[in-house]
Amino acid sequence: MAETFDIIAATGCPTGIAHTFMAKEALEKAAAERGLTIKVETHGQVGVENALTPVEIAGARAVVVAADKDVQAQRFAGKPMVSVGVSKAIDVEAAGKLIDAALAAKADPAAAAAAVAVEEAAEKESLGHQLYKHLMNGVSHMLVFVVAGGVLTALSFLWGITSFDSTAADYNSFAAMLKIIGGIAMNLMVPVLSAYIAESIGKRPALVPGFVAGMIAIQGLPVNAATGMIDAGGSGVGFGFLGGIVGGFLSGYVIVLLEKVFSRLPANLNGLKAIFLYPLFSTLIVGLVMLGISGPMVTINNAMMDFLRSLQHAGAIPLGIAIGCMCAVDMGGPVNKAAYVTGTMLLGAGLEAGVGTDAYADGTAFMAAVSAACIVPPLVTSFAVIAGKKYFSQEDHDAGIVNIILGCTHITEGAIPFMTKNIWPVMPIMMLSAAIASVLTLLLGVHVPAPHGGFLVLPVVDGGIQWVLAILAGTVVGGILFTIFKKREWTRAQQQRSASATDDAVVAGNAAETAVAVAPKAAADGFVSAENVLFASSDLDRDAALDAIVAAAVDQGIVDDAAALRAAFLKREAEGTTGMVDGYAIPHAKTDAVKRASVLVLKADGPVASWETLDGAPVTCAIALLVPESEAGTSHLQILSKVATALTDDSFRAAFKAESDPARLAELINARLD
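Residues numbered from 1 in each chain as written. Predicted model: local features only at pLDDT ≥ 70, side-chain atom pairs only at ≥ 80, totals over all residues. Heavy atoms only, no water.

**With respect to the overall build of the protein chain**
Of regular secondary structure, the protein chain possesses 24 helices and 11 strands. Within the protein chain, buried positions represent 50% of all 674 residues. Contacts in the protein chain between residues far apart in sequence, at least 24 positions, make up 71% of those at least 6 positions apart. In the structure as shown, the protein chain presents an accessible area of about 29300 Å², 63% of it carried by carbon and sulfur atoms. (Helix = DSSP H or I, 4+ residues; strand = E, 2+ residues; numbered from the N terminus. Buried < 20%, exposed > 50% of the residue type's maximum accessible area, 1.4 Å probe, protein only. Contact = heavy atoms within 4.5 Å. Areas by Shrake-Rupley, 256 points an atom, 1.4 Å probe, with all protein chains shown as cover.)

**Considerations on the side chain of Glu56**
For Glu56, the location among the structural elements is in helix H2 (residues 54-59). Judged by relative accessible area, Glu56 falls into the buried class, the value being 10%. Looking at Glu56, its side chain comes within polar contact range of the main-chain nitrogen of Thr53, at 3.0 Å. Discounting residues that sit within four places of it in the chain, Glu56 has contacts with Glu3, Phe5, Ile8, Lys39 and Ala51. (Polar contact = N/O pair within 3.5 Å; in protein donor to acceptor, adjacent residues only side chain to side chain.)

**Let's talk about the nonpolar core**
Core analysis: the biggest nonpolar cluster contains 110 residues, and Val64, Ile99 and Trp467 have the highest contact counts within it. Broken down by element, the residue count for this core peaks at 16 residues, all from helix H14 (residues 358-387). When residues no more than four places from it in sequence are discounted, the contact partners of Trp467 are Ala368, Ser371, Ala372, Ile375, Thr441, Val446, Val448, Gly454, Phe455, Leu458 and Val461. With 26 residues, the next largest nonpolar core counts Ala536, Leu546, Ile549 and Ala589 among its residues. (Core = buried A, V, L, I, M, F, W, Y, C linked by side-chain atoms within 4.5 Å.)

**Topic: a nonpolar patch on the surface**
Where nonpolar side chains cluster on the molecular surface, the patch consists of Leu272, Ile275, Phe276, Leu280, Phe281, Leu284, Ile285, Leu288 and Val289 and spans about 820 Å² of accessible area. Looking at the secondary structure, you find Val289 in helix H10 (residues 270-292). (Patch = residues over 30% accessible without salt bridge, like charges linked within 9 Å, V, L, I, M, F, W, Y side chains within 5 Å. Salt bridge = Lys/Arg side-chain N within 4 Å of Asp/Glu carboxyl O.)

**Observations regarding empty space enclosed by the protein**
In total, this model carries 2 cavities of 30 Å³ or more according to the counting rule given. Considering only enclosed or pocket space, the largest cavity measures out at about 40 Å³ in volume. Lining the largest cavity we find Ile623, Lys642, Val643, Ala646, Phe652, Ile669, Arg672 and Leu673. Elements with a contribution of two residues or more to the lining of the largest cavity: helix H22 (635-647) and helix H24 (662-673). Of the residues contributing to the lining of the largest cavity, the split by class is 6 nonpolar, no polar and 2 charged. Lining the second largest cavity are Asp396, Phe418, Lys421, Asn422, Phe482 and Lys486. Here the lining of the second largest cavity is built from residues that sort into 2 nonpolar, 1 polar and 3 charged. (1 Å grid on protein atoms, 1.4 Å probe; cavity = no way out; pocket = protein on both sides within 12 Å on 5 of 7 lines; lining within 4 Å. Points joined across faces, edges and corners; volume = space filled by probe spheres on them. Nonpolar A, V, L, I, M, F, W, Y, C, P; charged D, E, K, R; others polar.)

**Quick look at the pattern of salt bridges**
Summed over the entire model, instances satisfying the criterion amount to 13 salt bridges. With a closest N to O distance of 3.4 Å, Asp70 and Lys203 form a salt bridge. On the criterion of sequence distance, the pair formed by Asp70 in the loop between strand S4 (62-67) and strand S5 (81-84) and Lys203 in the loop between helix H7 (189-202) and helix H8 (207-219) is long-range, its members being 133 residues apart. Judged by relative accessible area, which is 29%, Lys203 ranks as partly exposed. The shortest N-O distance in the salt bridge between Arg664 and Glu667 comes to 3.3 Å. With Arg664 and Glu667 both in helix H24, this residue pair falls 3 residues apart, about one helical turn. You can call Arg664 partly exposed: its relative accessible area is 35%. Exposure remark for Glu667: the relative accessible area of 44% places this residue in the partly exposed category. Here the residues in one salt-bridge network are Asp582, Arg653 and Lys657, joined through shared partners.

**Concerning the environment of Thr613**
Within the element layout of this structure, Thr613 appears in the loop between strand S10 (598-609) and strand S11 (619-627). Ignoring sequence-local partners within four residues, the contact set of Thr613 consists of Gly579, Met580 and Val619.

**Details of the packing of H7 against H8**
Following both chains from N to C, one finds H7 and H8 inclined at 145°, their axes separated by 7 Å at the closest point. Two packed elements cross with a definite hand, and for H7 against H8 that hand is right-handed. Here Val190, Pro191, Val192, Ser194, Ala195, Tyr196, Ala198 and Glu199 of H7 come into contact with H8, specifically with Leu207, Gly210, Phe211, Ala213, Gly214, Met215, Ala217 and Ile218. A class-by-class count of the residues in the contact of H7 with H8 yields 12 nonpolar, 3 polar and 1 charged. (Axes fitted to C-alpha atoms, helices over the stretch in contact; angles between N-to-C directions. Left-handed = near helix turned anticlockwise from the far one by under 90°.)

**A word on the pairing of strand S2 (residues 38-44)**
By the criterion of burial, S2 is predominantly enclosed, with 7 of the 7 residues buried. Burial along S2 is two-sided: the face carrying Ile38, Val40, Thr42 and Gly44 and the face carrying Lys39, Glu41 and His43 are both buried. The pairing of strand S1 (residues 7-12) with S2 spans 6 bridges and is parallel. The residue of S2 that forms the bridge with Gly12 is His43. (Pairing = 2+ DSSP bridges.)

**Considering helix H23 (residues 650-658)**
By the burial criterion, the buried members of H23 are Phe652, Arg653 and Phe656. Buried residues along H23 cover an arc of 95° about the axis, so they all sit on one side. Exposed positions of H23 whose direction lies more than 90 degrees from the buried face are Asp650 and Ala658. (Arc of directions from axis to C-beta.)

**What to know about unusual backbone geometry**
The peptide bond linking Trp424 to Pro425 adopts the cis configuration, its omega dihedral lying at 10°. Along the chain, Pro425 turns up in helix H17 (residues 423-443). Positive phi values are uncommon outside glycine, yet Lys203 reaches one of about 65°. Here Ser610, not a glycine, exhibits a phi torsion of approximately 65°, which is positive.

**Quick look at H8**
Given a rise of 1.5 Å per residue, 13 residues ought to cover 18 Å, and the 19 Å separating the end C-alpha atoms of H8 matches this to within 8%. Where H8 is concerned, the buried positions are Leu207, Pro209, Gly210, Ala213, Gly214, Ile216 and Ala217. Structurally, H8 contributes buried residues whose contacts are with H7, helix H9 (240-261) and H10. A positive phi of about 75° marks Gly220, the residue just after H8. (Expected span 1.5 Å × (residues − 1).)

**Some words on the pairing of S4**
Of all 6 residues in S4, 6 are buried, a share of seventy percent or more. Burial along S4 is two-sided: the residues Ala62, Val64 and Ala66 and Val63, Val65 and Ala67 are all buried. Sheet topology places S1 next to S4; 6 bridges connect them, and they run parallel. Bridge pairing in S4 places Ile8 opposite Val63.

**Structural notes on the state of the cysteines**
Scanning all chains against the criterion turns up 0 disulfides. A disulfide-free cysteine, Cys327 has its sulfur positioned 3.9 Å from the sulfur of Cys374, the nearest such atom. (Disulfide = S-S within 2.5 Å.)

**Brief notes about the side chain of Thr364**
Assignment of secondary structure puts Thr364 in helix H14. What makes Thr364 buried here is its relative accessible area of 0%. A polar contact of 2.7 Å, which involves the side chain of Thr364, links it to the backbone oxygen of Tyr360. Excluding anything up to four places from it in sequence, Thr364 contacts Leu347, Val446, His447, Val448 and Pro449.

Next comes the structure, spelled out in structure tokens:
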């Protein structure tokens, strides 16, 4: 029998390198915290991994889509679902909110929208996010052609800048072949971009007009030089990258229009539509429109290129600051991608124009600045975790060491986890560091003829030593600032712990007599004892049940402030119900009023009213977790995860529900907490 999951998810980012898998990990951790099973399908550069099957989709309770590219979300039609950009799911807390929203959507779609920042988590995506997702689908498919073509073209220069030219003194046949292969890959950049923007909108039928629109964008409207008239044998002026974007959206929406036009045709003509009507009419319409707008598009494209070149020539400092800040502000997000795509566009134009041209100089200089800015942020984290090791957790230290590899290979996303923990001041530090590297790269006259690869392409970099020095300068400045920030944060935490330890010592002295009375029984019965199990003989609502738990905690000396404990319970419920499935709830409270981490159980004879649950079943049993604030990151998470895991076990839930002996109920929980 096929395995089923509570939650299924699909993640994907434009480059498919880091965001995709960070979102996957966050969703898996958030599901585990809730005692839910999950399967996450990833759409990365290597393709679809961990693919969801129709049976798994059918058996899932809810769906989370966290993607900035097309992940074929139509497969999930009819399922409770939330859909957001991939950056909205790269930390566990945000991923947990998405899961809660998807589950809530099953019974009340409006609740799902309210649970996660309304417009970002609503089942219906905003128009802006849809357009962005279509664009990024094209960019993600295009980038691999850019990287492959750019690096191969750059490698051809190892034999000399004119080694591909058979009339040049430094000619090399192998270099010429590399240049040919790389050039073909680069020339496919715009058609692929256009085709996969179209495919994201109109699915597979849109690929044909999308490719045609992309080809028209790179060759323009052919005109006979002698007659000045349209001539298939003439030559045209391409309108490149911008034309590819326009052609992609045009092709996709033309297919959507044709689907509506041909929707009244008999069902037995569906095959004819797919193989004849859609490709014929879409190619005709898109082709005519693209040729018709070629003149204005050439003008716009030239104006944009002139603006970029004028900005470049306005000075290294303003241009470098702009590039650095754009690349570091969102670590691989849309702003970063805008700077990177601009660099690849200028580089592509430069490689096409050839070595020695102004276009080549402009494109390779711009690309050098972009690459430096993308390399620096992860290296800043590496410098900081090495220089200030004791100020970082072991998890952060390990991630920083891995970022040495990511940074050196031009993968900015490795710095994201550090920035999400402290957006201020980490984001400004990263932006400053990247800007320093970009400015120095431009001032030192570095030229990078490859669009990706990081230090792997150093052999083809013009001014490689200066480039490395510029990157190191940005890294050191940022690393020092980041270390200073973490040191101050660590010092404050140490001071707070010291003060807390003093307070705890006073409390411990005042409560010594109570502790002596309680400890023997707790030691005999385990973490949970029979006296921690309560029974309610009459119907309760959620607040009355929590009041009963609070009263028992006070009676047993677990807390010394009933009001504080009740407020902590209600605060957690306000953040999202702790009602789980099959009649169980896990209310939990973190407050300094709690003297020792404890578990209290309340079993009710009837349903507890007004307690929302994930499956709609009324709560009949609450397993409450009470944790001192100082242990919130340790005992709290450990106990919660173990209790949540126990509740996913059908046999545990059945045994616990059937048992009425307090001592036996305590034993069942203790067995799971070992």
